[in-house]
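Letter by letter, the chains look like this.
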Amino acid sequence: MEFSEKKDYYDAAMRQIKGDSWSLSAYGYLKSNEEWIGRYEDFLKGSKSLPLLYDPFFKKIFNPVERRNRLSELVSCLLGQKVTVLEVFPNEDSQFLGVMIIMDMVVMMSDGSIANIEIQKISYDFQAERISCYSADLVLRQYKMITGNREIGDAGGLRGSMNVTSKPSYKDMRPVHTIILFENSSSSLISEVDEALYFHVGKTKFNTGIKINLLQDYVLVSLDTFKKYRYSDIRKGRTEVTEYDYDRTQYSEKQVTEKMKLDRLKFLSLFVAETPEEIEQLIEIFPDLESVRLDINEYLERPKEVLSMFSEALRILDRNTAELMVDRMKDEIDELKVQAEENRARLEEKDSQLEEKDAEIARLKMLLEEQNK
């Protein structure tokens, strides 16, 4: 794409925005954040790609209706097994009573198993606790579907695959997968074995080696680690799968295919690519990414829709950042309260010691007075 073409998209977009009051308001909101207005304008000028890791863009490119095959391919390569996405649940549909757990995307596969696909832009506190809650929510969702407490469709023989009956049975439960892509990894996601390891798979195992396959497993991907240690090689066409990309101890060799292993490199590279030039390089290595580029380029013709997506992404980021700040302020307040209690206890102890010393001084004075008589 020549610079003149890039310029034309930008100028045309500005004309559309100036002629629409809502767009002007949304554009003004974006201008409150220098980074985000820059991202939007750079996309229209052709110097940046869409930030696919943000919720509105991710759900467009991996739309469960229009791009179901692409979404199934993504989930398959992350789980290391062939899956077909059948249904996507409302992301606010938490199964914890009175608790709102918002997930980016919750999908059901053809075998009845459920996966949560979560993208974290900022490193939240209490990661282990959050991940555990996500996984527990998936188990509860599935149990309610099996017991018939949640109405589900018969898409692709879904009821048959889950054996949904009025009489629930634990044997009908299927695995639940918690998949989280981290743009910025916390220190807890840096491996002590090798800091270049970026694909973390977790399953519960017992020290005695007993064969009990629990339902919950976890896939945590450190995209910043992938970009730092692996991405540059892939852009040069070095796509040989290494021990960093695939851990054979975590997957069934009968299920995983070479295509899945390469698809994993393809999609993770797509997620960290920032410019059209980078995507162009990736298409030479992974030709089927051409369809993704076409989807992205379509939005150059729809600047108001892209503006809405950028605005929504910024609102989500602002909200998440505010929630993180509130959580941390609460922690600081709790810590200050503990310190205050400790200080109060120390002051009370010192007061008690002073009273004891005052009593001892008074006793000694009495002894002196008696001796002086």
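Data block above holds the structure.
How each quantity is defined
Residues numbered from 1 in each chain as written. Predicted model: local features only at pLDDT ≥ 70, side-chain atom pairs only at ≥ 80, totals over all residues. Heavy atoms only, no water. Helix = DSSP H or I, 4+ residues; strand = E, 2+ residues; numbered from the N terminus. Buried < 20%, exposed > 50% of the residue type's maximum accessible area, 1.4 Å probe, protein only. Lys, Arg positive; Asp, Glu negative; His and termini not counted. Salt bridge = Lys/Arg side-chain N within 4 Å of Asp/Glu carboxyl O. Contact = heavy atoms within 4.5 Å. Pairing = 2+ DSSP bridges. Phe/Tyr/Trp six-rings, centres within 6.5 Å; stacked < 30°, edge-to-face > 60°. Core = buried A, V, L, I, M, F, W, Y, C linked by side-chain atoms within 4.5 Å. Polar contact = N/O pair within 3.5 Å; in protein donor to acceptor, adjacent residues only side chain to side chain.

So, the side chain of Glu41
- Tracing the chain through its elements places Glu41 in helix α3 (residues 34-45).
- Put simply, Glu41 is tucked away with no salt bridge, and the nearest opposite charge, on Lys45, sits 4.5 Å away.
- Residues contacting Glu41, with those up to four places away along its chain left out, are Tyr10 and Tyr27.

Examining the pairing of strand β4 (residues 176-182)
- Within β4, seven of the seven residues are buried, which leaves it mostly tucked inside the rest of the structure.
- Alternating positions in β4 separate into two faces, Val176, Thr178, Ile180 and Phe182 on one and His177, Ile179 and Leu181 on the other, with burial throughout.
- In this structure, strand β3 (residues 114-120) lies alongside β4, joined through seven bridges in parallel fashion. Residue Ile117 lies in a different strand from β4, and its bridge partner there is Ile179.
- When β4 meets strand β6 (residues 216-222), the two strands line up parallel, connected through seven bridges. Residue Val176 lies in a different strand from β6, and its bridge partner there is Gln216.

Let's talk about the side chain of Thr275
- Among the structural elements, Thr275 can be located in the loop between α10 (258-272) and α11 (276-285).
- Look past the residues within four positions of Thr275 in its chain and what remains in contact with it is Ser47, Lys48 and Ser49.

Looking at the packing of aromatic side chains
- Tallying each qualifying case throughout the model produces twelve aromatic pairs.
- Here Trp36 and Phe310 contribute two aromatic rings whose centre-to-centre distance is 5.7 Å and whose plane-to-plane angle is 80°, an arrangement assigned as edge-to-face. One end of the pair, Trp36, is in helix α3; the other, Phe310, is in helix α13 (residues 303-372), with 274 residues separating them in the sequence.
- Owing to a relative accessible area of 0%, Trp36 belongs among the buried residues under this scheme.
- An angle of 70° between the planes, with centres 5.1 Å apart, marks the rings of Tyr198 and Phe226 as edge-to-face.

Here's the deal with the nonpolar core
- Tyr40, Leu50, Val75 and Phe271 are the most contacted members of the largest nonpolar core, which totals 70 residues.
- Looking at this core, the element that brings in the most residues is α10, giving seven residues.
- With residues near it in sequence (within four places) discarded, Leu50 still touches Phe43, Phe57, Ile296, Tyr299, Val306 and Phe310.

A few points about the environment of Glu274
- With respect to the helices and strands, Glu274 occurs in the loop between α10 and α11.
- Relative accessible area serves as the criterion here: at 37%, Glu274 is assigned to the partly exposed category.
- Through-space distance from the C-alpha of Glu274 to that of Ser47 is 8.8 Å; in sequence the pair is 227 residues apart.
- Not counting the four nearest positions on each side in its chain, Glu274 is found in contact with Lys48, Ser49 and Lys227.
- At 3.4 Å, the side chain of Glu274 forms a polar contact with the side chain of Lys48.

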